[in-house]
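One-letter residues, chain by chain:
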Amino acid sequence: MLKTSLVILTGLIAVGASAALPETVTIRTLAAQMRYDTSDVIIRPGAQVKIVFENSDDLPHNIVFFQPGTDVVAVSNKQMEKPEEALKRDWLPDDPRIWLHSKLVNPKQKDELTFTAPDKPGIYPYVCTFPGHALTMQGRLKVLAPGPGLSDLKFQVYLGDWKKLPDFKSLVPHREGDLPGNLVELKFDDYRNQFGVVYSGKLNAPTDGDYTFSVAGDDGVRVLVDDKKVVESDGIHPSSEIRDGKVKLSAGTHNYRLEYFQAAGEAEIYAAWRGPAFTNTTLSKWVHPQAAEGSKIPKKDDSVGMPLVVGTEPVIYRNFISGAGNRGIAVGYPGGFNIAWSADQLNLALVWRGAFIDAARHWIDRGGGHQAPLGYDVFKPSTESALPFAVLASPDAEWPKLEKDQRAAGYKWHGYRLDEKRFPTFSYEWNGVNVTERFDVEGNAVTGNGRLVRTLKLSGKLPGNATFRVATGNAIQPVGNSFVVDGKFAVAVEGAALAGKNLLVPVRPEIKLIYSWPETLPQHASTN
Amino acid sequence: MKPFPILAALFLTPVLLCAAPPQESDYYSITTFNTPDGAAMEVGSIELLPDNKLALGTRRGEIWTVSNAQDADPSKVKYQLFASGQHEVLGLAYKDGSLYATNRYEVLRLKDEDNDGRADLFETVCDQWGVSGDYHEYAFGSRFDKNGDLWVTLCLTGSFSSNIDFRGWAMRIKPDGTMVPTCSGIRSPGGIGFDADGEVYYTDNQGPWHGACTLQHLIPGSFQGHPGGFKWYDKAPNMGPRPVLPHDNSRMVTERERIKELIPPAVYMVHGKIGNSSSFIVCDLSKGKFGPFETQLFIADQSHSNISRVFLEEVNGIKQGVVFPFLKGFKSGLIGGRMNDQGQLFAGGSDRGWGSKGGKPFDFERVQWTGKVPFEVHEMHAKPDGFELSFTEPVDERSAADPATYSMREFTYSYREEYGGPEIADVVPKITKAVVSADKKSVRLTIEPLTKGHIHELHLDGLKSAQNQPLVHAVGYYTLNEIPKN
């Protein structure tokens, strides 16, 4: 489980933490993704906090904090009405709801903000107000008043292979000890599988009333207060669901007991409580991604796990790729250019710029599912599941499409070869015609006028009336030598002609296509 | 506590050491190699290359070439990243300067054409089987068989179903890339390999239609037990009509009578005792350099991080045999393995997704014989009225000739669609005679009754060698598919 998108200053939430020294949280920008690495920060009202803002991206960014309820995208966009004035303010909006902000931080630079957290609990949104960034570069600073934490926390480790929580009281602990941090945590490095832990400590209820105890675990967990079961989630399962249980407590000290077992694989425990006088207060070191919201719906974790970094050579990643099928071949080229080629459809499936791909989905645990690109401005030149060539009955006839799991009839995949720069040339056969396809890059896709050059070479007897589909879209506009497709990308190719929704060229021994992004075309500059 | 008993214990310690039971590590040593920083060496396949090099294929789709892995000093090992970006490499085979890798959806030929140590050519040899995008659809590839073909075992889509072409089948890939559907009935393969005669075997995992993990003989045309992929008979005319479906909650021995294509597992890798997740198959062809078990099979387990030893024989035309524990204590869940002609067994794996006793996320290790002969059951042959055991060392005649030295229990598993299953239908036979051979290296046991189709679990805890040593492993599990006629 990845959890980089949520930061809780546990020291601040834990009882008795000194307020003298500021707690530090680092928020980074992610290279070429238009995102912060941290989308949720939780702090205590009135706490001394230091935020280190590091810009790892290749573009300038800031971080600006607003009062609760502010529409941060609208505020950021509004300044585009008077861009000259905004530019003088380094793109910081002139808005009374801003209570904290960094300067505009250049690539690879950082800024530090030391401040006292607002006294009023609430969700304070933060955003990058540089033009065009606000839609995705956002996060929430949550100011929450916590309740008391655990004290006198102890643990007992048991060894065993269980499918349900055992009766720990009938077992002999393998070892035991104190947890001076007073947070439930799993740091038993010597055991990864087949063990159990019982945590026991004291909780002080400030007032009489109803208290809610939350728990989530991978695998089984149970919470007992004063030896009575309050909530459990027994059996072998992931930690996606938080369960709540209610109990009436009198003011004063109560015994808290959490029982846990781990069968195999991932291991996590989340525990919290809330009461009449305080909000949800985490009792475990791991904070569940849904904890602050109290939501019960499993939420996809959008943080970055194992990004594959492209250096001076292309990086190839063959796997299940969203939009490129089950035989996807993603290639990250130097200069922030990325493609996914599909050995199902024998065609270019995706192009994007910025960061390449995150391998965590496939390289952590069993690795199921299809992975989407990590960067941005993803486009599909020819829609999903479409083959490159066809002999059409008429120019506006429907382009042949592969059904789910169908192999491309008449095509045969031959593999690829790497040149001395490690650039691949893909190779396949189409009805006796040998086709090779390679990509070269010019400039930089992220910072400059980047162009991606795709070259297909066909040898053998070319069928008459055969067509190659360059692109398809609802709005294909000629702009200079290029066509802009649905405002998403531009493609230049000699002899291309529109036929309905398709941009087609007759098949010939060499077809060269030049892809670029609309903003890099002179005619489209400064429209965005 | 008073001081006296402590002192007594101290004085006694040397005596206890002398009498210590034999340890696996006295006979076989495990060397764990360091792997390159930042790389996850989740070994899924291992192949031998010329010049004493190795190739390792990983779950993350990398192929590493390894030098000096046979050196006595493991710190001399060197790694070179040969290829990356492949979709899991669970099979590697070397031929004529090229490396053939099996990934999720194809067999490809890799070659380093400019001699810089990295592959330039990634040529698809065969991509004719289906892949639906389910994580469970693993493909394990073999080395070249005696006919020059590669074999690929294709895991089902999950445990029960086959969503796309030939999931749940074993295929042969001819040198020209043609794919030949060869066996149906595969569930979740873990490894594929050959015996000393070049016969092909694979390991399957406990689950539906498998009470335990198994070692299975891949005979062309056969049905290996799980009917989940039967629909692909429609696309495999060479295989003839699809077999009749097995009855649920039956027995393998019963269904064999009904289904002529059904081949029973050669050996059940008894669940929880031998392992929980069988993987690679290695045959010892080192001519004695790996110890006294020449031509026997060594089968790894991912979950238990161990290797077991299998002796096979053919009875009434069916392969069957016995599995013994052999060596435990590997650092992660073993998946890939290969032995060189010097009797060095290279093994590696990963615990990702399932966990393993080893506890480390991945490992690359080497097993070597120390040169000391372990006292072990060498072979176990089925006889019409019992078993004949041979040993690696002469036995102590007094204990060996006493039937009370041995005990046996016979059991089987349900042959059923439900996942796994308990050991059932226990039979406790009588061991009526134990006759020691003249050379004292074998013992003939007479047992009443033998039960066809049952696993015969033999315990020999009381047996001593002529040197008064106990067996290193005093238990074996013989899968008695057939009782010999004479």
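These figures come from a predicted structure and were not determined experimentally.

## Topic: the pattern of salt bridges
Where charged atoms from two side chains of opposite charge come close, those side chains can pair.
Residues and elements named next belong to chain A.
Now for step 1: Under the counting rule described, the total for this entry stands at 48 salt bridges over all chains.
Now for step 2: Between E232 and K229 there is a salt bridge whose closest N-O contact spans 3.6 Å.
Now for step 3: One connected set of salt bridges, linked through shared partners, spans R222, K229, E232, D234, R257 and E259.

## Thoughts on empty space enclosed by the protein
Now for step 1: Enumeration according to the criterion identifies five cavities of 30 Å³ or more in this entry.
Now for step 2: Here the largest cavity defines a volume of roughly 100 Å³.
Now for step 3: Around the largest cavity, the lining comprises 14 residues; the ones closest to its centre are N319(A), H362(A), R59(B), H87(B) and E88(B).
Now for step 4: Of all elements in the fold, only β21 (315-321) and α4 (360-363) of chain A reach the threshold of two or more residues within the lining of the largest cavity.
Now for step 5: Grouping the constituent residues of the lining of the largest cavity by class yields three nonpolar, five polar and six charged.
Now for step 6: Of the voids in this model, the second largest cavity is the one considered here, and its volume is about 90 Å³.
Now for step 7: Around the second largest cavity, the lining residues are R251(B), M252(B), V253(B), R256(B), P264(B), Y268(B), T412(B), K452(B), G453(B), H454(B) and N481(B).
Now for step 8: With three residues, the top contributor of residues to the lining of the second largest cavity is helix α2 (residues 252-258) of chain B.
Now for step 9: Counting contributing residues, the lining of the second largest cavity receives three or more from each of domain 1 (129-369) and domain 2 (377-479) of chain B.

## A closer look at the domain arrangement of chain B
All names here are of chain B.
Now for step 1: By the assigned domains, chain B splits into domain 1 (129-369) and domain 2 (377-479).
Now for step 2: Each of domain 1 and domain 2 has a C-alpha centre, and these two points are 25 Å apart.
Now for step 3: Across the contact, 46 residues belong to domain 1 and 32 residues belong to domain 2.
Now for step 4: Together, the buried faces of domain 1 and domain 2 total about 3,100 Å²; carbon and sulfur atoms form 56% of this surface.
Now for step 5: Counting across the domain 1 and domain 2 interface gives two salt bridges.
Now for step 6: Those elements that place two or more of their residues in the side of domain 1 that touches domain 2 are α2, β17 (267-269), β20 (306-315) and β21 (318-328).
Now for step 7: With seven residues, β21 is the largest single contributor of residues to the side of domain 1 that touches domain 2.
Now for step 8: Residues belonging to the side of domain 1 that touches domain 2 are distributed by class as follows: 24 nonpolar, 13 polar and nine charged.

## Details of the confidence of the model for chain A
All names here are of chain A.
Now for step 1: Chain-level pLDDT for chain A is 86 on average; 90% of the residues reach the 70-or-more range.
Now for step 2: The model gives residues 8-20 a pLDDT under 50, and that stretch makes 27 contacts with residues more than four places away or in other chains.
Now for step 3: Confidence drops under a pLDDT of 50 for residues 293-303, and excluding neighbours within four residues, the segment shows 25 contacts in the predicted structure.

## A word on the side chain of H133(A)
Now for step 1: With respect to the helices and strands, the residue H133(A) is situated in the loop between β8 (122-127) and β9 (138-143).
Now for step 2: Non-local contacts of H133(A), meaning those with residues more than four positions away in its chain, are made with M34(A), L59(A), P60(A), H61(A) and C128(A).

## Some details on the interface of chain B and chain A
As a measure of interface size, the accessible area lost when the parts come together is often cited.
Now for step 1: Counting residues at the interface gives 37 residues for chain B and 32 residues for chain A.
Now for step 2: Each partner contributes to the roughly 3,000 Å² buried at the junction of chain B and chain A, and carbon and sulfur atoms together form 41% of this total.
Now for step 3: Considering only the side of chain B, the residues that lose the most area to chain A are R60(B), H87(B) and Y105(B), jointly responsible for 19% of the buried surface there.
Now for step 4: Scanning the region where chain B abuts chain A turns up five salt bridges.
Now for step 5: A salt bridge links E313(A) to R118(B); the nearest nitrogen and oxygen atoms lie 2.7 Å apart.
Now for step 6: There are 27 residue pairs in polar contact (both at pLDDT 80 or more) connecting chain B and chain A.
Now for step 7: Breaking the side of chain B that touches chain A down by element, the ones donating at least two residues are β8 (106-111) and β9 (121-126) of chain B.
Now for step 8: When residues of the side of chain B that touches chain A are assigned to their parent elements, the largest contribution, four residues, is made by β9(B).
Now for step 9: For the side of chain B that touches chain A, a count of residues per class yields 11 nonpolar, 14 polar and 12 charged.
Now for step 10: Strand direction decides the pairing type here: strand β28 (residues 411-418) of chain A and β9(B), joined by three bridges, are antiparallel.

## A look at the packing of aromatic side chains
All names here are of chain A.
Now for step 1: Taken as a whole and assessed by the stated rule, the structure comprises 55 aromatic pairs over all chains.
Now for step 2: Here the aromatic rings of Y211 and W273 are separated by 5.4 Å at their centres, their planes lie at 25 degrees, and the arrangement is stacked. Separated by 62 residues along the polypeptide, Y211 in strand β13 (residues 209-218) and W273 in strand β18 (residues 268-275) bring together distant segments of the chain. Take Y211 and W273: they sit in the same class, and that class is buried.
Now for step 3: The ring of F423 is capped by K421, whose NZ or CZ atom sits 4.7 Å from the centre of that ring.

## Describing the environment of S286(B)
Residue and element names in this part refer to chain B.
Now for step 1: Considering the arrangement of structural elements, one finds S286 in the loop between β18 (278-283) and β19 (297-301).
Now for step 2: In this structure S286 comes out as buried when scored by relative accessible area, which is 1%.
Now for step 3: Taking C-alpha positions, S286 is 8.5 Å from Q344, a pair spaced 58 residues apart along the chain.
Now for step 4: Once residues within four sequence positions are removed from consideration, S286 is found in contact with M339, N340, D341, Q342 and G343.
Now for step 5: Reaching out from S286, the side chain makes a polar contact with the side chain of D284 at a distance of 2.7 Å.

## Points about the sheet that holds strand β30 (residues 442-448) of chain B
Residues and elements named next belong to chain B.
Now for step 1: Spatially, the four strands line up as an open sheet ordered β25-β26-β30-β29, and their pairing is antiparallel. Two strands in the sheet have a free side with no partner beyond their single neighbour: β25 (377-383) and β29 (430-436). Each neighbouring strand pair of the sheet contributes to a mean axis angle of 20 degrees, computed without reference to strand direction.
Now for step 2: Of the strand pairs in this sheet, strand β26 (residues 386-391) and β30 are connected by five bridges, and their pairing is antiparallel. Note on β30: the bridge partner recorded for E388 is R444.

## Quick notes on the side chain of D195(B)
Residues and elements named next belong to chain B.
Now for step 1: With respect to the element layout, D195 can be found in the loop between β14 (189-194) and β15 (200-204).
Now for step 2: The buried charged residue D195 lacks any salt bridge partner; its closest oppositely charged side chain belongs to K319, at an N-O distance of 4.2 Å.
Now for step 3: Here the side chain of D195 touches D197 through a polar contact of 2.8 Å, landing on its backbone nitrogen.
Now for step 4: A polar side-chain atom of D195 sits 2.9 Å from a polar atom in the side chain of Y201.
Now for step 5: Excluding anything up to four places from it in sequence, D195 contacts Y201, C283, L297 and K319.

Conventions we followed
- Residues numbered from 1 in each chain as written.
- Chains lettered and ligands numbered in written order.
- Predicted model: local features only at pLDDT ≥ 70, side-chain atom pairs only at ≥ 80, totals over all residues.
- Heavy atoms only, no water.
- Salt bridge = Lys/Arg side-chain N within 4 Å of Asp/Glu carboxyl O.
- 1 Å grid on protein atoms, 1.4 Å probe; cavity = no way out; pocket = protein on both sides within 12 Å on 5 of 7 lines; lining within 4 Å.
- Points joined across faces, edges and corners; volume = space filled by probe spheres on them.
- Helix = DSSP H or I, 4+ residues; strand = E, 2+ residues; numbered from the N terminus.
- Nonpolar A, V, L, I, M, F, W, Y, C, P; charged D, E, K, R; others polar.
- Domains from an automatic or database assignment.
- Contact = heavy atoms within 4.5 Å.
- Buried area = accessible area lost by both parts, 1.4 Å probe.
- pLDDT = per-residue confidence, 0-100.
- Polar contact = N/O pair within 3.5 Å; in protein donor to acceptor, adjacent residues only side chain to side chain.
- Pairing = 2+ DSSP bridges.
- Phe/Tyr/Trp six-rings, centres within 6.5 Å; stacked < 30°, edge-to-face > 60°.
- Buried < 20%, exposed > 50% of the residue type's maximum accessible area, 1.4 Å probe, protein only.
- Lys NZ or Arg CZ within 6 Å of the ring centre and 35° of its normal.
- Axes fitted to C-alpha atoms, helices over the stretch in contact; angles between N-to-C directions.
- Lys, Arg positive; Asp, Glu negative; His and termini not counted.

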